Amino acid sequence: ATQQGLTDILFLAWQLSPIFVFVAADGTPMEYTLLGAIKRSSNFELPAAPKPGGKQQKQEARSLADIAEKAKNSWAGPVVVFPE
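Given the structure is predicted, the values throughout are model-derived calculations rather than measurements.

**Points about the sheet that holds strand β3 (residues 79–82)**
In sheet architecture, strand pairing relies on hydrogen bonds along the backbone and comes in two forms, parallel and antiparallel.
1) Next: Read across the open sheet, the three strands follow the order β2-β1-β3; overall the sheet is mixed. Strand pairing shows two members of the sheet lacking a second neighbour, β2 (29–32) and β3, which therefore form its edges. For this sheet, the mean inter-axis angle between neighbouring strands, taken without regard to orientation, is 30 degrees.
2) Next: Relative to β2, strand β1 (residues 19–23) runs antiparallel, the two sharing four bridges. Among the inter-strand pairings, V23 is bridged to a residue of β2, identified as P29.
3) Next: Along the sheet, helix α3 (residues 64–74) contacts β1, β2 and β3; its crossing angle with β3, the most-contacted strand, is approximately 155 degrees.

What follows is the structure, encoded as structure tokens:
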């Protein structure tokens, strides 16, 4: 199976300063910071989707369109999606 590597994340962070989005096991897009993306790249299992009110993620489940709209409105940078 293919998966993003540390060099992919570091290169994209250096060139674009993006918001990283990875797909959870159920297909839900999950937003990560640079440090979260680095940590995620070393884990070979798909994370579970965030549960409402759970401690697993401090974010609520949102669609990819919502994440992109938030990035556009806040000048947070481009959105990079890793579908693996």
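**Remarks on the nonpolar core**
1) Next: In terms of nonpolar packing, the biggest core is built from 11 residues, these being I9, L12, A13, F20, F22, A24, M30, Y32, A37, V80 and F82.
2) Next: If you list the elements that add at least two residues to this core, you get α1 (6–16), β1, β2 and β3.
3) Next: For this core, the element with the most residues is α1, which contributes three residues.

What counts and how
- Residues numbered from 1 in each chain as written.
- Predicted model: local features only at pLDDT ≥ 70, side-chain atom pairs only at ≥ 80, totals over all residues.
- Heavy atoms only, no water.
- Pairing = 2+ DSSP bridges.
- Helix = DSSP H or I, 4+ residues; strand = E, 2+ residues; numbered from the N terminus.
- Axes fitted to C-alpha atoms, helices over the stretch in contact; angles between N-to-C directions.
- Contact = heavy atoms within 4.5 Å.
- Core = buried A, V, L, I, M, F, W, Y, C linked by side-chain atoms within 4.5 Å.
- Buried < 20%, exposed > 50% of the residue type's maximum accessible area, 1.4 Å probe, protein only.

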